[in-house]
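# What the coordinates show
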Amino acid sequence: LGMDFGQRKAKAEKMFGLMDVFLKNDSVSLQKDILDHVEYTVARSRFSFDDFEAYQALSHSIRDRLIERWHDTHLYVKKQDPKRVYFLSLEFLMGRSMTNSVINLGIRDQYADALNQLGFEFEVLAEQEGDAALGNGGLARLSACLMDSLATLDYPAWGYGLRYQYGLFRQIILDGFQLEQPDYWLNFGNPWEIERVHVSYSVKFYGTVEEEDLDGERTKVWIPGETVEAVAYDNPIPGYGTRSALNLRLWAAKPSDKYDMESYNTGDYINAIMNRQKAETISNVLYPDDRSYQGKELRLKQQYFFVSASLQDIIRRFKDNHQNFDELPDKVALQINDTHPALAIVELMRMLLDEEHLDWNRAFEITCKIFSFTTHTVEPGGLEKVPVDLLGHLLPRHLQIIYEINYKFMEELKKIIGQDYDRLSRMSIIEEGAVKNVRVANLSIVCSHTVNGVSKVHLQLLKERVFKDFCELWPQKFHYKTNGVTQRRWVVVSNPNLCSLISKWLGTESWIRNVDLLGGLRQYATDPDLQREWKMAKKVNKLRLAEYIETLSGVKVSLDAMFDVQVKRIHEYKRQLLNILGVIHRFDCIKNMSASDKGKVVPRVCIIGGKAAPGYDIAKKIIKLCHAVADKINNDADVGDLLKLVFIPDYNVSVAELVIPGSDLSQHISTAGHEASGTGSMKFLMNGCLLLATADGSTVEIMEEVGAENMFIFGAKLDEIPALREKGASLKAPLQFARVVRMVRDGYFGFEDYFKSLCDTLEEEKDFYLLGYDFTSYLEAQAAADRAFVDQEKWTQMSILSTAGAGKFSSDRTIEEYAKHTWGIEPCKCPF
Ligand code: GL7
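Reading the values: rules and limits
- Throughout, a residue's number is its position along its own chain's written sequence, starting from 1.
- A pLDDT threshold of at least 70 governs which residues receive local features in this predicted model, and a stricter bar of 80 or more applies before side-chain atom pairs are shown or counted, although totals over entire chains, interfaces and linings include all residues.
- Think of the side-chain values as coming from all heavy atoms in the structure, minus any hydrogens and water.
- Secondary structure elements follow DSSP: runs of H or I no shorter than four residues count as helices, runs of E no shorter than two count as strands, and numbering proceeds from the N terminus.
- Only the C-alpha atoms count toward the radius of gyration. The rule for a globule is 2.2 Å times the residue count to the power 0.38.
- Burial classes: relative accessible area under 20% of the type maximum marks a residue as buried, over 50% as exposed, and values in between as partly exposed (1.4 Å probe, protein chains only).
- Contacts are assigned to residue pairs that have any heavy atoms within 4.5 Å of one another.
- Accessible surface is estimated by sampling points in the Shrake-Rupley manner with a 1.4 Å probe; for residues, cover comes only from the protein chains shown.
- Charge counting follows a simple rule: Lys and Arg are positive, Asp and Glu are negative, and His as well as the terminal groups are ignored.
- Lysine's charge is taken at NZ, arginine's at CZ, aspartate's at CG and glutamate's at CD.
- Nearness is judged by heavy atoms alone; a residue qualifies as near a molecule or strand once a single heavy atom is within 4 Å of it.
- Any pair of nitrogen or oxygen atoms within 3.5 Å is treated as a polar contact; in protein, a donor-acceptor pairing is required on top of that, and neighbouring residues in sequence qualify only through side-chain atoms on both sides.
- Only Asp, Glu, Lys and Arg are considered charged, only Ala, Val, Leu, Ile, Met, Phe, Trp, Tyr, Cys and Pro nonpolar, and every remaining residue, Gly among them, polar.
- Here the limits of each domain have been adopted from an automatic or database domain assignment.
- In this analysis, strands are considered paired if DSSP registers two or more bridges between them.
- Inter-axis angles, ranging from 0 to 180 degrees, are taken between N-to-C directions of lines fitted to C-alpha atoms, where helices are fitted over the stretch in contact.
- Should an angle lie under 35 degrees it is considered roughly parallel, over 145 roughly antiparallel, and from 65 to 115 roughly perpendicular; all remaining angles are considered oblique.
- Less than a right angle of anticlockwise turn of the near helix away from the far helix marks a crossing as left-handed, whereas a clockwise turn marks it as right-handed.
- What makes a nonpolar core is a set of buried Ala, Val, Leu, Ile, Met, Phe, Trp, Tyr and Cys residues whose side-chain atoms join them at distances within 4.5 Å.
- A side-chain nitrogen of Lys or Arg and a carboxyl oxygen of Asp or Glu constitute a salt bridge if their distance falls within 4 Å.
- Note on aromatic pairs: the rings of Phe, Tyr and Trp (six-membered ring only in Trp) are paired at centre separations within 6.5 Å, and the planes decide the class, stacked below 30 degrees, edge-to-face beyond 60, tilted for the rest.
- Consider the ring centre and the ring normal. A charge sits over the ring if Lys NZ or Arg CZ is within 6 Å of that centre and within 35 degrees of that normal.
- Each patch is built from residues that are more than 30% exposed by relative accessible area and take part in no salt bridge. Like charges join if they lie within 9 Å; nonpolar side chains (Val, Leu, Ile, Met, Phe, Trp, Tyr) join within 5 Å.
- An expected span of 1.5 Å times one less than the residue number is assigned to each helix.
- Confidence scores per residue from the predictor, reported as pLDDT, run from 0 to 100.

### With respect to the overall build of the chain
Scanning the chain from N- to C-terminus turns up 34 helices and 24 strands. A compact globule built from 832 residues would reach a C-alpha radius of gyration of about 28 Å, and the chain, at 28 Å, matches this within 12%. Expressed as a percentage of the 832 residues in the chain, the buried residues total 59%. Taking the intrachain contacts of the chain between residues at least 6 apart in sequence as the baseline, contacts between residues at least 24 apart amount to 78%. Carbon and sulfur atoms make up 52% of the accessible area of the chain, which totals about 33900 Å². Charged side chains of the chain number 99 positive and 117 negative; the gap between the two group centres comes to 2 Å.

So, in structure tokens, the structure goes:
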């Protein structure tokens, strides 16, 4: 601004003189700060404000502290200019931010104290916050856990995604049926984000591609038909036990301010405005299906919108310090979370070719050195496809580039495998047929240096099934990084009782950053004092959960019962139906028992929760069946406290924080070979819940760490499944199974017409997920859990050993592996 160095320095000194170096965190400063925000930010009188207004003021006060660290981290990393990883994901399931933020900032107690002085309670205000539910299920929550670990471990990283105005629908249950309600989560403002009106990029759609002469060379020029602005909303992600705070940058669509002169000249001013406004629909709503792709134009627009804005941002940052694109792979690692952001590959190619004018080979080589791809799918049929016509209409230049990549890939491939046309056509990025499709996974594999699965078993399935041809071609490209979850959110935030207990017995809080230390609990697993305290912590959490259940459903549950929980998205392969049929069997047994036998029954509270995709009919019937069975059981005087079944509605991150710590047993019972990893099990494990599970996904690794003797494992093994399916109808289901299915079919729980199609899926020749086959071993595993529960000492020991064996399943370990083996990045810790 025309100032010389001396003048600038003097100005900076004056400004710093006016500011405290850092905001203060003593109780008086915090109280003053909160009251200032009540008065000036929330604009309520400091003499009169309610819990929600107090929450708003509190969150702004915390946000100020987040921003300090976030600025410092950015300035430092910018100066160091290390290689950064950019984590691209269409979904981030962050849940609530407040408690997590104060814990990671290390000022939870100070705030609690300050609030007490003001006559408020931290926990009560924390309940005012809504969930940020910008994702569907495990994949989206994994992204959130990975961000927490990246920040905690001081890695130079950014997250990029979409700022949906409507998050995942809220599940309402009416007469036992699921209804979906829109989640307009921004209604009450969102203090955890920072709107960046000046960080915005134009994103182009539609139009045509023309050739132009540039310095004697022919280049392609894309003349777009529509332009939309992407505006950044930044969400600071604080690390634990460090001053680092990363950025999760989410893009919102806004109308472009580049005038569309033609429409303004038509005289139809109102319509012209309305048309512009349509631009905003791009980031309006999250698609609620967690794994089916319908080739919808809006979905493709969302994908391109977010990758285009992100790449413009990333390349701009690179160009601040570098001119030579050969350095790009030394500075940038791009991680695509499943295939959803795969257009980033093509967009980078387009930018390098058409805007930076690199030649094809150089651009392609750079691109392939930058991208890594993690797949979360086990079904070849579940892989994303985009109709060629749709893609060509929306992104004409990108389709050309995809064709070119494919042409060159096919030529190379022919040289290696010869004229094996079947294999060539399977591996082609373009699927031929009545409708031509782009196979997004093939594109991602061809253009990434590394492809990761999400568990050991998953990699095996990739090799044998999903990506067999590619694994044979490039065995060195395929790896796995077992998923993990963050112990900050899933123990420290959600289970403070257990957290302090662990720290007390380990004599340190270091396990919160170095979770392997949990293994130190093993030596105390039989110590009566720890056992007593451990049981007490569990009881307090069960009480919290019991109260929640009673308020929601009116069902009173006994704290002496075993809380047996299955919470996750509703899917046939996850077999909530097996669970419900098991409950019916238990009910049937109790009904037919003598009084003395009843005295030996281990009382159970069976808890099921989860959302079904709105168009997934069978999943919705499973929810209804759960309610119908619950109605019958919970009102049966013969059964009483021996068995209760409750469905917890609207399962989300904050509900999980309540349910998981209060569970004794948790079920992860997918048919082997269908769960790529599963991460819920890891959260339960950390919280000392015993697992009743099949040997699927990451459970196989959990067995290695915890020991199968401390779990209840059942069911057909992965390698037995194909033969079992082959046998089909000749696999006679056990009588017990036939009996419970019959009860549903014959209307014992009502609604027999409605449940008919659900029962049909269990007929021997149609029982694809092998519920009938696995039923016997499922009941045996349940009986083993009962026996273990009777011996509370043994049970508590198994519970302690579960937590002790959970170390491997921290997302910190996952991130270390990605950083070292996939991204090639190093920590960059600000030295203040
Ligand atoms: C999933 C897998 O189904 C799940 O097993 C895995 O733990 C998760 C994270 O890797 O990814 N894949 C997927 O499409 N969704 C998942 O949760 C929605």
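### Overview of the site of the ligand
Around the ligand, the structure places 13 residues, and the nearest of them are R291, H376, N483, E675 and G678. Between the ligand and the protein, one listed contact pairs an oxygen atom with a backbone N or O atom of G138 at 3.4 Å. Within the backbone of S677, a nitrogen or oxygen atom sits 3.0 Å from an oxygen atom of the ligand. Here the shell around the ligand is composed, by residue class, of five nonpolar, five polar and three charged. Built from parts of two domains, the shell around the ligand gets at least three residues from each of domain 1 (81-96 + 131-480) and domain 2 (488-715 + 743-809).

### A few points about the sheet that holds strand β11 (residues 245-255)
With respect to topology, nine strands assemble into an open sheet ordered β7-β10-β11-β4-β1-β12-β13-β17-β18, the strand pairing being mixed. Sheet topology places β7 (194-205) and β18 (478-480) at the edges, where each strand pairs with a single neighbour. Strand after strand, the sheet turns through a mean of 25° between neighbouring axes, direction not considered. One ladder, built from five bridges, connects strand β4 (residues 157-162) with β11; its direction is parallel. Considered in β11, the bridge of W158 is made with N247. Those strands touched by helix α13 (residues 360-370) are β12 (332-337) and β13 (371-374), and its axis lies near 45° from that of β13.

### Description of the packing of helix α21 (residues 496-506) against helix α22 (residues 528-553)
Helix-helix packing is described using two parameters, namely the angle between the two axes and the distance between the axes. Interhelical geometry of α21 versus α22 gives an angle of 165° and a closest axis separation of 9 Å. One element, α21, and the other, α22, form an angle in the roughly antiparallel class. Taken as a pair, α21 and α22 cross one another with a handedness that is right-handed. In this structure, α21 contributes N497, L498, L501, I502, K504 and W505 to the contact, and α22 contributes D529, L530, E533, W534, A537, V540 and N541. In terms of residue class, the contact of α21 with α22 is built from eight nonpolar, two polar and three charged.

### Remarks on the nonpolar core
Among the nonpolar cores identified, the biggest contains 177 residues, and F205, W251, F305 and F467 are the most heavily contacted of them. Top contributing element to this core by residue count: helix α10 (residues 297-321), with ten residues. A domain split of this core shows at least three residues from each of domain 1 (81-96 + 131-480) and domain 2 (488-715 + 743-809). Beyond its immediate chain neighbours, meaning those up to four positions away, F205 contacts W222, P224, G225, E226, V228, I282, K301, Y304, F305, L394 and L395. Counting residues in hydrophobic clusters, the runner-up holds 59 residues, among them C606, I669, L690 and V744.

### A word on the environment of R787
By secondary structure assignment, the location of R787 is in helix α32 (residues 771-790). Look at R787 and you get exposed, because its relative accessible area is 57%. Here the alpha-carbon distance between R787 and V602, two residues 185 residues apart in the chain, equals 8.3 Å.

### Quick look at the domain arrangement of the chain
The domain boundaries assigned to the chain delineate domain 1 (81-96 + 131-480) and domain 2 (488-715 + 743-809). On a C-alpha basis, the centroid separation for the pair domain 1 and domain 2 is 36 Å. Our count for the domain 1 to domain 2 interface comes out at three salt bridges. Between E180 and K620 there is a salt bridge, and its shortest N-O distance comes to 2.8 Å. Sorting the residues of the side of domain 1 that touches domain 2 by element identifies β2 (92-95), α7 (138-152), β5 (166-174), β6 (177-184) and α18 (456-466) as the ones contributing at least two each. Take the side of domain 1 that touches domain 2: its biggest share by element is seven residues, from α7. The residue inventory of the side of domain 1 that touches domain 2, partitioned by class, reads 15 nonpolar, 13 polar and 14 charged.

### Considerations on the pairing of β4
Where burial is concerned, most of β4 is hidden: six out of the six residues are buried. Here β4 shows a buried face lined by A157, G159 and G161 and a second buried face lined by W158, Y160 and L162. Pairing between strand β1 (residues 84-88) and β4: four bridges, direction parallel. Its bridge partner lying in β4, F87 is registered against G159.

### Quick look at the pattern of salt bridges
Opposite charge on two side chains permits them to pair, given that their charged atoms come into close proximity. Counting across every chain of the model gives 67 salt bridges. The residue E533 makes a salt bridge to K504 at a minimum N-O spacing of 2.9 Å. Taken as a pair, E533 in helix α22 and K504 in helix α21 lie far apart in primary sequence, 29 residues in all. By relative accessible area, K504 is classed as exposed at 53%.

### Thoughts on the side chain of T374
Mapped onto the fold, T374 is located in strand β13. Its relative accessible area of 1% is what places T374 among the buried residues. In this structure, T374 is in contact with Q335, I336, N337, D338, N452, V454 and Y818, ignoring residues within four places of it in sequence.

### Topic: the packing of aromatic side chains
With the rule as written, the count across this model stands at 31 aromatic pairs. Aromatic pair Y748 and F749: ring centres 5.1 Å apart, planes at 75°, arrangement edge-to-face. By the ring-pair criterion, three or more aromatic residues cluster together here, those being Y86, W158, Y160, Y201 and W251. Between R243 and the ring centre of F22, over which it is positioned, the NZ or CZ distance is 4.1 Å. Positioned over the ring face of F177 is K624, at 4.6 Å from the centre of the ring.

### Side note on a nonpolar patch on the surface
A cluster of nonpolar residues, V21, F22 and F832, forms a patch on the protein surface that exposes about 310 Å² of accessible area. Tracing the sequence through the fold places V21 in the loop between α1 (5-18) and α2 (27-41). Relative accessible area serves as the criterion here: at 72%, V21 is assigned to the exposed category.

### Some thoughts on helix α34 (residues 811-823)
Between its first and last C-alpha, α34 extends only 16 Å over 13 residues, short of the 18 Å set by a 1.5 Å rise per residue. Listed as buried for α34 are S811, D812, R813, T814, I815, Y818, A819, T822 and W823. Check the buried side of α34 and you find it contacts β1, α7, β12, β13, β17 (450-453) and α20 (487-493). Two or three places before D812, at the start of α34, stands the capping residue S810, its side-chain oxygen 3.0 Å from that residue's backbone nitrogen. Looking one or two residues beyond α34, the residue adopting positive phi is G824, at roughly 65°.

### A closer look at unusual backbone geometry
Where the residue is not glycine, phi is negative for most of them; where a peptide bond is considered, it is trans in most cases. Positive phi outside glycine occurs at Y206, with the angle close to 60°. With respect to the helices and strands, Y206 occurs in the loop between β7 and β8 (208-214). A positive phi angle, near 60°, is found at R575, a position not held by glycine. If you trace the backbone, R575 turns up in the loop between β19 (562-567) and α23 (576-591). You can call R575 buried: its relative accessible area is 1%.

### Overview of the confidence of the model for the chain
A residue-level look at the chain finds 98% of positions with pLDDT of 70 or above and a mean pLDDT of 96. Mean pLDDT across the elements of the chain bottoms out in helix α8 (residues 261-265) (60) and peaks in β1 (99).

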